[in-house]
Number of protein chains: 2
Amino acid sequence: MFIRIDKTAGTPVYRQIIDAVRRLIDEGAVPPGTALPATRRLAVSLGVNRTTVVQAYEELQALGYLASRPGSYHHVRSRIKEAEFDPGRKSAISWGTASTPEASRIHRRFQDFNAAAPSPAAKRRRLIDFSGLTLDPRLYPIGDLRKCVDRVLREGGGASLVYGDKRGLLPLREELARRMRRHGVAVSANEILVTSGAQQAIDLVTRMLVRPGSTVVVESPTYGTALPLFEFNGARIAEIPMRPDGLDLDALEGLLRRRRPAFIYTMPNFQNPTGITTGHAHRERLLGLCLRFEVPLVEDGFEEDMKYFGRVDLPVKSMDEHNLIIYLGTFSKALFPGIRLGWITADRDCIERLVAIKGFSELTTSLLVQAVMERFCREGLYDRHLRRLHRVFRKRLTAALRAMDEHFPPAVTWTRPQGGYTLWVRLPKRVPEPEWSAQLESRGVRVSPGRLFFSKAGRSRGFRLSISGCDEEEAREGLARLGRALKDMFPTVQTKAAAARSKDAS
Amino acid sequence: MFIRIDKTAGTPVYRQIIDAVRRLIDEGAVPPGTALPATRRLAVSLGVNRTTVVQAYEELQALGYLASRPGSYHHVRSRIKEAEFDPGRKSAISWGTASTPEASRIHRRFQDFNAAAPSPAAKRRRLIDFSGLTLDPRLYPIGDLRKCVDRVLREGGGASLVYGDKRGLLPLREELARRMRRHGVAVSANEILVTSGAQQAIDLVTRMLVRPGSTVVVESPTYGTALPLFEFNGARIAEIPMRPDGLDLDALEGLLRRRRPAFIYTMPNFQNPTGITTGHAHRERLLGLCLRFEVPLVEDGFEEDMKYFGRVDLPVKSMDEHNLIIYLGTFSKALFPGIRLGWITADRDCIERLVAIKGFSELTTSLLVQAVMERFCREGLYDRHLRRLHRVFRKRLTAALRAMDEHFPPAVTWTRPQGGYTLWVRLPKRVPEPEWSAQLESRGVRVSPGRLFFSKAGRSRGFRLSISGCDEEEAREGLARLGRALKDMFPTVQTKAAAARSKDAS
């Protein structure tokens, strides 16, 4: 039996033994009934401690690979034969025909999005990546999280592993309601629905309000991943342009005079992708329009906690005396996206109706995850993390804007956000996609091409830059590379005045 | 400042101090600027260790309640005033009118289901509860789970907290594929989609295949919580009766001759609610019908791992040479439901289409949860847990059946499952609901009324018993109570022969 151990590898030695033996058995190299070497002998031949081998054999027994005779783990067990996978097997069902038209369309959109994702080759080339919108994992408070999980399981035991309240764990909803009240939004735990991330929240609201042919109004550009979801649920998309101060409200009013959409989807803070934050007057007029035309407003507060420059603007929801705003919150942007936790705050009747859809379509969001995040907030760890994040990103954004001022050609303009992660770069003319992205990647830098943020292709002449994943040094180097590429493309000598027009959005 | 400490409470003392101070500040009893007592003084007056008070003050500082001057945490900070919740505030939107008809219907169904749930008063009365389908939390391997979470976070760090592959974590899909192959189902990781529980899997399949007016064929009785979800997605339900040996295939064939359903939903093992397991010949004929009429079969293997008596029947999916079965698996029944992890195994093209819907509607299932469960399986802890569960439930089911033989009147019959948690009790005549449930509860016992498992009310004259949550002693006592109630209702003296007809299903 040939086993190779690498003591310098990150994997513990006993685990390497287990994996090696499993592979030998799974591949049939060591048939059932075979006697494995005695633990002492194997330990000597591998040059490891005997207890390491004993530990490995015990686990192999637990896994069902070795026979469980007391005191002896030495024989390979005869196991139920695994069925053999045949990749050539065809299906009697044509899934494309069986699928609904909406399902077929979302499938095509998924393939488009996947085509835009970094290739494994690109990942290996160690690009400086401005395309993600995930917080730099180097900033994750893993130790704090570990502590919380451990406490929840130690103190709560099985309580966090059963089915829970379909609205979400009550102490977490209370915590979220308290956080919302600090943002000026007057709600109690009854107006909160915990979701498996904000994306699920968008889906739930859409499933409740959109019928075939309904219109959903979005900012243009907007969060691109929501668009196929709106369409999958039967909506037609109406795009209203973003201007430097936010959604074009005159255009919106014009549209509302003609038809009544199912809802309007907006991101008032650090809009994705432009980074634009709207002011108080804009928020008041937007809310007034919704009230006048009786249209629900879906406010996506995905980066509510990421204000680290300038004055604090309260959510539009804080002015919502007529309960027509459905507010979406999430832990994915300021913390970890992989934990999948978000929430909806809205009128109680609206929440009750959303709970029904969620309750039948998913039962509950992982109770363990909810209990852990409740603990994380209650112990003040989330607030402490936010303070740290604000310090870090004040520096990062400052460094990024300085690097852009230094390296970008005058023909190019960009937004200057007061927080969040993204800014929008506007090019003097349209560039051919995806050739242009490939060109940038060959120069070691990656951005999000503008077309991803529009419902109709060909509208964009810009791209999104996200500083969520790189530190100051990386940002400076990456933006210098990007600046060189942009200068090669737009070499025209212009006055510095062009740079002053840097607040244009689209 | 008045703080009361209970040293005998489960909550740590420092946590009690924190909660008390927060409450005082939140309620305005202690205004901003107030000086809190020095740590030493408070420690003496509460009779606790000074470090306990220091720890509490430090956390209060982290939470933003106390001013963070170096070396002093003594002043209540002036904080952004929390908005005040006004429960009387009305909405300008009529959410009932704004909702789609399907959303309104699922809302009504949700209210029905909630009405059937145990009232808090009933919960306090310490009923013996045969209505849940959640594994007894006393059997949860919490220690093993804690170990896995800790290892995942310690060794993997941030890797388990980012967005992941939308199909699910590759090592988990490989583990699940291996488990499926052991059940005779020949698949690779590419034919697996990880879901947030089996309920989400049902939703995804329905969203892909059901268009308005489509028919979904279900067993009658069936898993009741799936029915409102099918209808929400636009399906009409066709119920085919369960017979003692499974779905009535003659009736199914008759239906398939008349129309082509979007899919057939079946549970071949320990069917919920009847506990019936179909034999090989039944499975072959069912699959043959699906192939002949080109109808996808959705096989819900929710208790695949819970065979603890008799011979092992492989899933229908193991015979599926033409890839028309969409198989659903879950960790919710044999392990913890609150973790929310399930999977779908189907033809690769079908999986690709389901991934698109899932990818846009939820992005991914919690990566942390996936990484933890992968670890749990890989280390053999799941298999070890299953072996323990089988030992426990062999005894529980035996004790339950014996108690029913002893205490139930001859007019009542029931199924005798070979595993799983549920059995179906058939009454000699229909009983009025919910009065009957209330009557049983007043006698200290709770079951699942039969109407919950039918699409149309009034079909049922039975109920479901689940032994998932009670030990042998509780089962014996509960079934004796139930037997007395049944004898009072159906006092007719009959021969023991009636008990022999105990395999009837409906």
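Residues numbered from 1 in each chain as written. Chains lettered and ligands numbered in written order. Predicted model: local features only at pLDDT ≥ 70, side-chain atom pairs only at ≥ 80, totals over all residues. Heavy atoms only, no water.

**Some details on the overall build of chain A**
(1) Moving on: Scanning chain A from terminus to terminus reveals 18 helices and 14 strands.
(2) Moving on: When the backbone C-alpha atoms are referred to their principal axes, chain A occupies close to 80 × 60 × 55 Å.
(3) Moving on: Looking at chain A as a whole, 62% of its 506 residues are labelled buried.
(4) Moving on: Sequence separation of 24 or more characterises 73% of the internal contacts of chain A that already satisfy a separation of 6 or more.
(5) Moving on: Accessible area of chain A: about 19,700 Å², with a carbon and sulfur share of 50%. (Helix = DSSP H or I, 4+ residues; strand = E, 2+ residues; numbered from the N terminus. Buried < 20%, exposed > 50% of the residue type's maximum accessible area, 1.4 Å probe, protein only. Contact = heavy atoms within 4.5 Å. Areas by Shrake-Rupley, 256 points an atom, 1.4 Å probe, with all protein chains shown as cover.)

**Brief notes about the nonpolar core**
(1) Moving on: One finds F230(A), L465(A), F230(B) and L465(B) to be the most contacted residues of the largest nonpolar core, which totals 266 residues.
(2) Moving on: Beyond its immediate sequence surroundings of up to four residues, F230(B) is in contact with I202(B), T206(B), V216(B), V218(B), A235(B), I237(B), F263(B) and Y265(B). (Core = buried A, V, L, I, M, F, W, Y, C linked by side-chain atoms within 4.5 Å.)

**What about the interface of chain A and chain B?**
(1) Moving on: Residue-level contacts link 122 residues of chain A with 122 residues of chain B.
(2) Moving on: Overall, the association of chain A and chain B removes approximately 10,200 Å² of surface from exposure, summing both partners, and the carbon and sulfur fraction of that is 59%.
(3) Moving on: The largest per-residue losses of area from chain A upon contact with chain B belong to W95(A), F110(A) and F360(A), which jointly make up 9% of the total buried on that side.
(4) Moving on: Our enumeration of links across chain A and chain B arrives at six salt bridges.
(5) Moving on: Here D150(B) makes a salt bridge to R146(A), at a shortest N to O gap of 3.1 Å. (Buried area = accessible area lost by both parts, 1.4 Å probe. Salt bridge = Lys/Arg side-chain N within 4 Å of Asp/Glu carboxyl O.)

**Topic: the relation of the copies chain A and chain B**
(1) Moving on: For the pair chain A and chain B, the relating rotation is 180°, the translation along its axis is 0.1 Å, and the fit reaches an RMSD of 0.1 Å. Look at the turn and shift together and you get a two-fold axis relating the two. (Least-squares fit on C-alpha atoms with pLDDT ≥ 70 in both.)

**What to know about the environment of F309(A)**
(1) Moving on: Along the polypeptide, F309(A) turns up in the loop between β7 (297–300) and β8 (325–330).
(2) Moving on: Excluding its chain neighbours within four sequence positions, the residues that come into contact with F309(A) are R394(A), L397(A), T398(A) and Q418(A).

**Looking at the sheet that holds strand β14 (residues 462–466) of chain B**
Pairing between sheet strands relies on hydrogen bonds along the backbone, with the strands arranged either parallel or antiparallel.
Residues and elements named next belong to chain B.
(1) Moving on: Pairing is antiparallel across the open sheet formed by four strands, whose spatial order is β10-β11-β14-β13. The open sheet has two edge strands with one neighbour each: β10 (413–414) and β13 (448–449).
(2) Moving on: Of the pairings in the sheet, the one linking β10 to strand β11 (residues 422–426) comprises two bridges and is antiparallel in character. When the sheet's bridge partners are listed, T413 is paired in β11 with R426.
(3) Moving on: Each of β10, β11 and β14 is contacted by helix α15 (residues 381–407), which is oriented at about 10° to β11, the strand it contacts most. (Pairing = 2+ DSSP bridges. Axes fitted to C-alpha atoms, helices over the stretch in contact; angles between N-to-C directions.)

**Here we look at unusual backbone geometry**
Keep in mind that most residues, glycine aside, have a negative phi and that most peptide bonds are trans.
(1) Moving on: With an omega dihedral of 15°, the bond running from N272(A) to P273(A) counts as a cis peptide bond.
(2) Moving on: Between S220(B) and P221(B) the backbone carries a cis peptide bond, its omega angle lying at 5°.
(3) Moving on: By the element assignment, P221(B) lies in the loop between β3 (215–220) and α10 (227–232).
(4) Moving on: Here F270(A), not a glycine, exhibits a phi torsion of approximately 50°, which is positive.
(5) Moving on: Checked against the element boundaries, F270(A) lands in the loop between β6 (263–266) and α12 (280–293).

**Topic: the packing of aromatic side chains**
(1) Moving on: Across all of its chains, the model carries 30 aromatic pairs over all chains by this definition.
(2) Moving on: Both rings, one in F331(A) and one in Y382(A), keep their centres 5.2 Å apart while their planes meet at 80°; by these two values the pair is edge-to-face. Placement of F331(A) in the loop between β8 and β9 (342–345) and of Y382(A) in helix α15 (residues 381–407) is noted, with a sequence separation of 51 residues between them.
(3) Moving on: Exposure remark for F331(A): the relative accessible area of 1% places this residue in the buried category.
(4) Moving on: Ring centres 6.0 Å apart and planes at 85° place the aromatic pair W424(A) and F453(A) in the edge-to-face group. Here the residue W424(A) occupies a position in strand β11 (residues 422–426), and F453(A) occupies one in the loop between β13 (448–449) and β14 (462–466), the gap between them amounting to 29 residues.
(5) Moving on: Owing to a relative accessible area of 5%, F453(A) belongs among the buried residues under this scheme.
(6) Moving on: These aromatic residues form a ring-pair network of at least three members: Y308(A), F309(A), F393(A) and Y421(A).
(7) Moving on: The ring of F393(B) carries the charged tip of R396(B) above its face, separated from the ring centre by 5.0 Å. (Phe/Tyr/Trp six-rings, centres within 6.5 Å; stacked < 30°, edge-to-face > 60°. Lys NZ or Arg CZ within 6 Å of the ring centre and 35° of its normal.)

**What about the sheet that holds β13(A)?**
(1) Moving on: Sheet architecture is open: four strands sit in the order β10-β11-β14-β13 (chain A), paired in antiparallel fashion. Every interior strand has two partners, whereas the edge strands, β10 (413–414) and β13 of chain A, have only one.

**A word on the pairing of β14(A)**
Residue and element names in this part refer to chain A.
(1) Moving on: Summarising burial for β14: five of the five residues are buried, a large majority.
(2) Moving on: Residue alternation in β14 divides its side chains into two sets, G462, R464 and S466 and F463 and L465, and both sets are buried.
(3) Moving on: As judged from the five bridges shared by β11 and β14, these two strands associate in the antiparallel manner. Residue pairing in the sheet places L423 in a bridge with L465 of β14.
(4) Moving on: Sheet topology places β13 next to β14; two bridges connect them, and they run antiparallel. Bridge pairing in β14 places S448 opposite R464.

**Observations regarding the environment of A43(A)**
All names here are of chain A.
(1) Moving on: Take A43: it is sitting in helix α2 (residues 39–46).
(2) Moving on: A sequence separation of 39 residues divides A43 from R4, and the C-alpha atoms of the two residues are 12 Å apart.
(3) Moving on: Once you skip the residues sitting within four places of it in the chain, A43 turns out to touch V48, N49, R50 and V53.

**Observations regarding the pattern of salt bridges**
(1) Moving on: In this structure the tally under the stated criterion is 66 salt bridges over all chains.
(2) Moving on: When the shortest N-O distance is used, the salt bridge between D383(A) and R179(A) registers 3.0 Å. One end of the pair, D383(A), is in helix α15; the other, R179(A), is in helix α8 (residues 170–182), and 204 residues separate them in sequence.
(3) Moving on: Of the residues examined, R179(A) reaches a relative accessible area of 8% and is grouped as buried.
(4) Moving on: Put simply, E362(A) and K358(A) hold a salt bridge, and the shortest N to O gap is 3.0 Å. Taken together, the residues E362(A) and K358(A), both in helix α13 (residues 348–362) and four residues apart, mark about one turn of the helix.
(5) Moving on: Among the ionic contacts, a cluster of salt bridges with common partners joins R15(A), R151(B), E155(B), R375(B) and E379(B).

**Points about helix α12 (residues 280–293) of chain B**
All names here are of chain B.
(1) Moving on: When the terminal C-alpha atoms of α12 are compared, their 20 Å separation across 14 residues agrees well with the 20 Å that a helix rising 1.5 Å per residue should span.
(2) Moving on: The complete set of buried residues in α12 reads H282, R283, L286, L287, L289, C290 and F293. For α12, the buried positions fall inside an angular range of 155° around the axis, keeping them on one side.
(3) Moving on: Packing partners of the buried residues in α12 comprise β5 (246–247), α11 (249–258), β6 (263–266), β7 (297–300) and β8 (325–330).
(4) Moving on: Positive backbone phi, approximately 55°, marks E294, located one or two places after α12. (Expected span 1.5 Å × (residues − 1). Arc of directions from axis to C-beta.)

**A word on the side chain of T278(A)**
Residue and element names in this part refer to chain A.
(1) Moving on: Here T278 is to be found in the loop between β6 and α12.
(2) Moving on: One polar contact links T278 to R283, side chain to side chain, over a distance of 3.0 Å.
(3) Moving on: If sequence neighbours within four positions are ignored, T278 has contacts with D245, G246, P268, R283 and D313. (Polar contact = N/O pair within 3.5 Å; in protein donor to acceptor, adjacent residues only side chain to side chain.)

**With respect to the pairing of strand β2 (residues 192–195) of chain A**
Residues and elements named next belong to chain A.
(1) Moving on: Every second residue of β2 is oriented toward a common face, with I192 and V194 on one face and L193 and T195 on the other, all of them buried.
(2) Moving on: Alignment of β2 against β9, held across four bridges, turns out to be antiparallel. Opposite L193, over in β9, you have I344 as the bridge partner.

**Examining the packing of α8(A) against helix α14 (residues 367–378) of chain A**
Residues and elements named next belong to chain A.
(1) Moving on: Here α8 crosses α14 at 40°, and the two axes come no closer than 9 Å. Of the possible angle classes, the one that applies to α8 and α14 is oblique. The chirality of how α8 crosses α14 is left-handed. Residue-level contacts link P171, L172 and E175 of α8 to Q370, M373, E374, C377 and R378 of α14.
(2) Moving on: Per-class residue counts for the contact of α8 with α14 are four nonpolar, one polar and three charged. (Parallel < 35°, antiparallel > 145°, perpendicular 65-115°, else oblique. Left-handed = near helix turned anticlockwise from the far one by under 90°. Nonpolar A, V, L, I, M, F, W, Y, C, P; charged D, E, K, R; others polar.)

Just distances and angles here, no functional claims.
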